[in-house]
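What follows is each chain in one-letter form.
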Amino acid sequence: MPVKRQKWNEDFGEWFRDVLINAGIMDYRYPIKGSGVWMPYGFKIRKNVLQIIRDLLDNTGHDETLFPLLIPETSLAQEAAHVKSFEGECFWVTHGGYDKLKVRYALRPTSETVIAPMLKLWIRSHADLPMKMYQVVNVFRHETKATRPIIRMREVATFKEAHTCHTTGEEAEKQVQDAIGLYKQFFDSVGVPYVVSRRPEWDKFAGALYTTAFDLLCPDGRVLQIGTVHNLGQNFAKAFDITYETKEGNQEHIWTTSYGISGRGIAAVLIAHGDDNGIVLPPRIAPIQVAVVPVPYKGKEEEVNQACSDVADTLRKAGFCVELDLRSELTPGNKFYYWELRGVPIRVEIGPRDLANGVVTLVRRDSLKKQTCNASDVVCGVQKLAEEISCDLKTNAEAWMKKRVYRVNRLGEAKSLLKRKAGIVEVPWCGKDECGHSLEEAVEARLLGFPEDTKEKVEGKCVVCEEQAVNVVRVAVAY
Ligand code: A5A
Ligand code: ZN
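As the structure is a prediction and not an experimental result, all values here were calculated from the model. Per chain, the residues get numbers from 1 upward, laid out in the order the sequence is written. A letter from A marks each chain and a number from 1 marks each ligand, given out in the order of writing. In view of the model being predicted, local features appear only for residues whose pLDDT reaches at least 70, and side-chain atom pairs are presented and counted only at 80 or more, with totals across whole chains, interfaces and linings using the full set of residues. To obtain the side-chain values, all non-hydrogen atoms of the structure were included, while hydrogens and water were left out.

In this analysis a donor is any N, O or S atom within 2.8 Å of a metal ion (3.2 Å for sodium, potassium and calcium), and since water is not included, sites may seem incomplete. The protein atoms that coordinate the zinc ion (ligand 2) are C430 (SG), C435 (SG), C462 (SG) and C465 (SG), at distances spanning 2.3 to 2.4 Å. When the donor residues of the zinc ion (ligand 2) are listed from N- to C-terminus, their spacing reads C-x4-C-x26-C-x2-C. Each member of the pair C430 and C435 is classed as buried. A 1.4 Å probe rolled over the protein chains alone gives each residue an accessible area, and that area as a share of the maximum for its type sets the label: buried under 20%, exposed over 50%, partly exposed in between.

So, in structure tokens, the structure goes:
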């Protein structure tokens, strides 16, 4: 029954693929490349993660909406930079039945051009603004890079995109900062570490003024972009002629922003906390928070099972999601393995000796450390342990990533660090595009951009042209 386990930090790609199937999260064997199936257990994790994001957006004035999937080519083509970047990535609907369509439709690769024509109808005056909306939908991108389950899909399920409209550029700017704050809250709540960087000009979202992105360092030393916030300026407003009447009675174009997190927001949790035994879920999003496993002894089966059932009931009444594992065909060892793989944060074991001593054994999934707790205090014990696990997962994941962010002053050092995929490297940069491009070429890695989360003055010289640096820039090998 045991499957071969890949090591989290040695064969990360295989580890991730295997863990998704073996833990029942996503089955990626659907006969279309880049599409996958969210399986029951994975779907529950997804639902819990989604709820956190929904709550954050709902509580900050975003209204949930649902826009159409199809975009007429005429709409997609309206914003020049946007269409240039996305048309080669679109899946196109060309026929309705046997009839060729006069205007072909794209399956939305993202929704700016779906929403814009409606904003033009909805927005009349300054009183209609600001307007903040979001939707949770599937988007489709014909990715040409290697597809990977959840991480790089062609059908991106669980795309959570927000779109906001404002009267001034300053207000849009502030919205960008607020959105960054919301995403920080989300990632913090599931203990996922990140750096936030302002992307270089050539890597911004097509049609944006600028893009700010969250990146997670994966165990193989590559970064994964796990969320983005875009200031769209007036680009879409002008392309679609979306105007509002000012207090003075003039017509002005609106300002817009958009920000999105895909299934990568879920993948990030699995990646950041996983280990060689499988995934490790923060209690907050775990569909099963406690697995109760009897460790019976010949002749004591009934008593032990009964005690397990009692503890499970007590914990359920206290509000925990509990699974009582009374499967008779599996040994306790097999059950431990089963729940570890699925990342259940706490396991309660009860054997005859525990029974005799009036205690239960609690095992935490992250460190696999055991402790005993009086059976009468089990709710308290589990509660405390759940808090400790949440806290330690975050601390440990942050420490792991932080150790792998390097600050160096010379190109050679950056190069050798990136060659062995040591992590994220920060070097002084003059800010000129040409030096940025040279840097990417020299280190064979991607410019993540300027730090958006730390605003410090840097001394030093650009690693490329040796002129005075204006900031550090982050470089890493990227997914
Ligand atoms: N409308 C804006 C919000 C937008 O589409 N932005 S975006 O193109 O940057 O996408 C948002 C996030 O989706 C990205 O930061 C990335 O984390 C994720 N994403 C992009 N392409 C993806 C893909 N093929 N599979 C999974 N996630 C993807
Ligand atoms: Zn330079």
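What follows covers the sheet that holds strand 4 (residues 70-72). Spatial ordering of the open sheet is given by 4-6-5, a layout of 3 strands whose pairing is antiparallel. Both edges of this open sheet fall to strand 4 and strand 5 (92-96), since each of them pairs with a single strand only. Adjacent strand axes in the sheet meet at a mean angle of 45° when their direction is disregarded. As defined by bridge partners, strand 5 adjoins strand 6 (residues 99-107) across 4 bridges and the pair is classed as antiparallel. Across the sheet, H95 pairs through a bridge with K100, a residue of strand 6. We treat two strands as partners when DSSP finds at least two bridges between them. Secondary structure is summarised from DSSP: a helix means a run of H or I of at least four residues, a strand means a run of E of at least two, and numbering begins at the N terminus for each. Simply put, an axis is a line fit to the C-alpha atoms, just over the touching stretch for a helix, and the angle between two N-to-C directions goes from 0 to 180 degrees.

One open sheet holds the 5 strands; their spatial order is 16-15-17-18-19, and the pairing between them is mixed. In the strand order of this sheet, the two ends are held by strand 16 (322-324) and strand 19 (370-374), each with one partner. Strand-to-strand twist across the sheet, computed as the mean angle between neighbouring axes with direction ignored, equals 25°. One ladder, built from 5 bridges, connects strand 18 (residues 359-364) with strand 19; its direction is antiparallel. Within the sheet, the bridge partner assigned to V359 lies in strand 19 and is N374. In this description, contact between two residues means that some pair of their heavy atoms is separated by no more than 4.5 Å. Together, strand 15 (290-294), strand 16 and strand 17 (346-350) form the strand contacts of helix 10 (residues 332-341), whose direction differs from that of strand 15 by roughly 170°.

Bringing unusual backbone geometry into the picture now. Only a minority of non-glycine residues have a phi that is not negative, and only a minority of peptide bonds are not trans. At the junction of L129 and P130, the peptide bond is cis and its omega measures out at -5° in the coordinates. Residue placement: P130 occurs in the loop between helix 5 (112-122) and strand 7 (131-140). Despite not being glycine, T158 shows a phi value in the positive range, around 65°. Here T158 lies in strand 8 (residues 155-166). Judged by relative accessible area, which is 0%, T158 ranks as buried. Located in the positive-phi region is K421, a residue other than glycine, with phi close to 45°. Mapped onto the secondary structure, K421 falls in the loop between helix 13 (411-419) and strand 21 (424-429).

Further remarks concern helix 10. Two residues of an α-helix separated by three or four positions point the same way, owing to the 3.6 residues in each turn. Along helix 10, the positions that sit buried rather than exposed are K335, F336, Y337, W339, E340 and L341. At the C-terminal side of helix 10, G343 shows a positive phi close to 75°.

With that out of the way, let us pick up the state of the cysteines. By convention in this document, the label disulfide applies to cysteine sulfur atom pairs within 2.5 Å. By the definition in use, this model includes 0 disulfides. In this structure C321 is not part of a disulfide, and its nearest cysteine sulfur, from C308, lies 18 Å away. As a non-bridged cysteine, C391 has C380 as the owner of its nearest cysteine sulfur, 18 Å distant.

Further remarks concern the environment of D128. Here D128 lies in the loop between helix 5 and strand 7. Between the alpha carbons of D128 and Q51 there is a distance of 28 Å; along the sequence they are 77 residues apart. The residues contacting D128, other than those within four sequence positions of it, are W122 and I123.

Another aspect to go through is a nonpolar patch on the surface. On the surface, Y30, I32 and V37 cluster together into a nonpolar patch covering about 280 Å² of accessible area. Assignment of secondary structure puts Y30 in the loop between strand 1 (26-27) and strand 2 (37-38). For Y30, a relative accessible area of 45% corresponds to the partly exposed category. Exposure above 30% relative accessible area and the lack of any salt bridge qualify a residue for a patch; like charges then connect within 9 Å, and the nonpolar side chains Val, Leu, Ile, Met, Phe, Trp and Tyr within 5 Å. For the area figures, the Shrake-Rupley method with a 1.4 Å probe applies, and any residue is considered shielded solely by the protein chains shown. By convention in these notes, a salt bridge is any Lys or Arg side-chain nitrogen within 4 Å of a carboxyl oxygen on Asp or Glu.

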